[in-house]
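As a plain string of letters, each chain reads:
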There are 4 protein chains.
Amino acid sequence: MTQPVTNAQMMQECLEACLACLRACEVCAEACLDEPDIDMLRECIRLDRDCADACALTARLLMRASALHPEACRMCAEACAACAAECERHAGHHDHCRLCAEACRRCEESCRRMAA
Amino acid sequence: MTQPVTNAQMMQECLEACLACLRACEVCAEACLDEPDIDMLRECIRLDRDCADACALTARLLMRASALHPEACRMCAEACAACAAECERHAGHHDHCRLCAEACRRCEESCRRMAA
Amino acid sequence: MTQPVTNAQMMQECLEACLACLRACEVCAEACLDEPDIDMLRECIRLDRDCADACALTARLLMRASALHPEACRMCAEACAACAAECERHAGHHDHCRLCAEACRRCEESCRRMAA
Amino acid sequence: MTQPVTNAQMMQECLEACLACLRACEVCAEACLDEPDIDMLRECIRLDRDCADACALTARLLMRASALHPEACRMCAEACAACAAECERHAGHHDHCRLCAEACRRCEESCRRMAA
């Protein structure tokens, strides 16, 4: 028999997903700024940054168990979805984009569950 | 004849409302932490902080005209509404709460317009 | 023979210390806002918040390996030292203060090493 | 006879300089991401972002009159100096870089005064 997942476990899991996504976005943006094909990565840098900012706020609200966290998770899921879609376009060429897309998709899923 | 309001004007107005609300929340939280009746102001300090964080992110997304700004405005409107409702309960006793409630209501209204 | 510690290892360790301290400060501030003796905890709430903000910025600069990280670490070490000193005064009464003080001291030490 | 400048006036002036610099950095980074010569602007985008983050934190600490503000101003002055130096290299080609450099120099000067 599986144990029911508590809200505290869901919040902890979502916090970890946000911090992992924040880091992947920071790393991806920095790496994009060094790539020879930066011309193709403009939107990626932009979305990495928005997504990092959304993840950072959401992570802090989860840490303090703020009543605002469902609204932040809703926004964060949208930021993650947009960033993942762009990073997936470059995932074949750049490992940092592939890793970022994966972290964004996990964070998106976790945030949607919290926002529901 | 009145001029139609452009999107750029709406974003500028919303940015100013977010910065004014951010500042009012920071000032209110600091002042609450010095009040003799701090026991009554616990929730006010808490909501001031969440609202300040929401306003800070939303302001930055508006500055960079991010595509994420409608989602941030939606979250920010909820943060402002919650903070205003609490501050209004203390508005008769504390000027900083009255001023914060007013800034929150203006920001809430402006953010709802951007999120629509 | 011990291996020399690389700069990348030091940055990783400092990043982890900043995130742990950020979380301990958020948890401590939230818990203080619920304590019956909140009157004694005003400065603790205040310093928790400043320290959390300093740790959050420093963590993000370390994630992106920013050239600004030594300056951020210097500021963060001061924020951690001030927060730890206050939390230590309440460590006998509140577990969240004791845990926060410990996280702050670890982060302070790690940030001083990075700033050197 | 000139009036002596009070600390509250200096803090208010520094807060305004930080907010103006934050906005100029956000606008410059966004505009750089659209420029045909983005290849020359990699470091500019990077420093705009660090400087924006430093200004955002410093502005909030000034709003709440935090005891940590001198340390934040010291860090912010360094961030502004680095961003200004880079933006000045592109000031002849891009108005957003020229305006950003000017805002950075004003903020740097104001922050150095606060940190002294």
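Look above for the structure.
Computed from a prediction, not measured in an experiment: that's the story for all the values here. Per chain, the residues get numbers from 1 upward, laid out in the order the sequence is written. Numbering of ligands from 1 and lettering of chains from A proceed in the order in which they are written. In keeping with the model being predicted, local features are shown solely for residues with a pLDDT of at least 70 and side-chain atom pairs are shown and tallied solely at 80 or more, while totals for entire chains, interfaces and linings include all residues. The basis for every side-chain value is the complete set of heavy atoms in the structure, and neither hydrogens nor water enter the calculation.

### Some details on the relation of the copies chain B and chain A
- For the pair chain B and chain A, the relating rotation is 180°, the translation along its axis is 0.0 Å, and the fit reaches an RMSD of 0.0 Å. Both chain copies can therefore be described as sitting about a two-fold axis. Of the C-alpha atoms belonging to chain B, the one lying closest to the rotation axis is found on Met-75 of chain B, 3.6 Å away.
- Looking at chain B, 100% of its interface residues are interface residues in chain A too, so the copies touch through the same face. Superposing the copies works by least squares over the C-alpha atoms of residues that have pLDDT at least 70 in both of them. By definition in these notes, contact holds between two residues if any of their heavy atoms fall within 4.5 Å.

### Here we look at the interface of chain D and chain A
- Residue-level contacts link 14 residues of chain D with 14 residues of chain A.
- With both chains or domains summed, chain D and chain A bury close to 1,300 Å², and 40% of this area falls on carbon and sulfur atoms.
- On the chain D side of the interface with chain A, the three residues burying the most area are Arg-42, Arg-46 and Arg-49 of chain D, jointly 52% of the side's total.
- Any carboxyl oxygen of Asp or Glu within 4 Å of a side-chain nitrogen of Lys or Arg constitutes a salt bridge here. Taken together, the links from chain D to chain A amount to six salt bridges.
- Whenever a nitrogen or oxygen atom comes within 3.5 Å of another N or O atom, the pair is scored as a polar contact, on the condition that within protein one atom can donate a hydrogen and the other can accept it, and that pairs from neighbouring residues in sequence are kept only if both atoms are in side chains. Counting every contact that joins chain D to chain A gives ten residue pairs in polar contact (both at pLDDT 80 or more).
- When residues of the side of chain D that touches chain A are traced back to their parent elements, those giving at least two are α1 (7-32) and α2 (42-63) of chain D.
- Numbering of helices and strands starts at the N terminus; helices are DSSP runs of H or I of at least 4 residues and strands are runs of E of at least 2. Of the residues forming the side of chain D that touches chain A, the biggest block, five residues, is contributed by α2 of chain D.
- Here the nonpolar group is Ala, Val, Leu, Ile, Met, Phe, Trp, Tyr, Cys and Pro; Asp, Glu, Lys and Arg are the charged ones; every other residue, Gly included, is treated as polar. Looking at side-chain class alone, the side of chain D that touches chain A contains seven nonpolar, no polar and seven charged residues. Joining two parts hides part of their accessible area as seen by a 1.4 Å probe, and the buried area is that hidden amount summed over both.

### Points about the side chain of Arg-46 of chain A
- By the secondary structure assignment, Arg-46 of chain A is in helix α2 (residues 42-63).
- Side-chain polar atoms of Arg-46 of chain A contact the side chain of Glu-30 of chain D, separated by 2.8 Å.
- Discounting residues that sit within four places of it in the chain, Arg-46 of chain A has contacts with Glu-30, Leu-33 and Asp-34 of chain D.

### Let's talk about empty space enclosed by the protein
- Using a grid of 1 Å spacing that covers the protein atoms alone, one calls a set of points a cavity when a 1.4 Å probe fits there but cannot get out, and a pocket when the set is open and has protein on both sides within 12 Å along at least five of seven lines; lining residues are those with an atom within 4 Å of a point. Grid points are joined across faces, edges and corners, and a volume is the space filled by probe spheres set on the points. Within the structure shown, the criterion is met by four cavities of 30 Å³ or more.
- For the largest cavity, the calculated volume is near 530 Å³.
- The wall of the largest cavity is formed by 24 residues, among which Ala-56 and Arg-60 of chain A, Arg-60 of chain B, Arg-60 of chain C together with Arg-60 of chain D lie closest to the centre.
- Contributing elements (two or more residues each) for the lining of the largest cavity: α1 (7-32) and α2 of chain A, α2 (42-63) of chain B, α1 (7-32) and α2 (42-63) of chain C together with α2 of chain D.

### So, the relation of the copies chain D and chain A
- After a rotation of 180° and a shift along the axis of 0.0 Å, chain D superposes on chain A with an RMSD of 0.0 Å.
- A symmetric contact is evident, with 100% of the interface residues of chain D recurring at the interface of chain A.

### Describing the interface of chain B and chain A
- Taken together, the contact between chain B and chain A spans 16 residues of the former and 16 residues of the latter.
- At the boundary of chain B with chain A, total buried surface from both sides reaches about 1,400 Å², with 62% on carbon and sulfur atoms.
- For the salt bridge of Asp-53 of chain B with Arg-64 of chain A, the shortest nitrogen-to-oxygen distance reads 2.6 Å.
- Summed over the shared surface of chain B and chain A, the result is six residue pairs in polar contact (both at pLDDT 80 or more).
- Among the elements that make up the side of chain B that touches chain A, the one with the highest residue count is α2 of chain B (seven residues).

### Side note on the pattern of salt bridges
- Enumeration according to the criterion identifies 76 salt bridges over all chains in this entry.
- Taking the shortest distance from any N to any O, the salt bridge between Asp-50 of chain A and Arg-64 of chain B comes out at 2.8 Å. Placement of Asp-50 of chain A in helix α2 and of Arg-64 of chain B in the loop between α2 and α3 (69-89) is noted, with the two residues assigned to different chains. Like Asp-50 of chain A, the residue Arg-64 of chain B is buried in the burial classification.
- What emerges from the salt-bridge pattern is a single network uniting Glu-26, Arg-49, Asp-50 and Asp-53 of chain A, Arg-60 and Arg-64 of chain B, Arg-60 and Arg-64 of chain C together with Glu-26, Arg-49, Asp-50 and Asp-53 of chain D. Three labels apply to residues, based on accessible area from a 1.4 Å probe with only protein chains included: buried if under 20% of the type maximum, exposed if over 50%, partly exposed otherwise in between.

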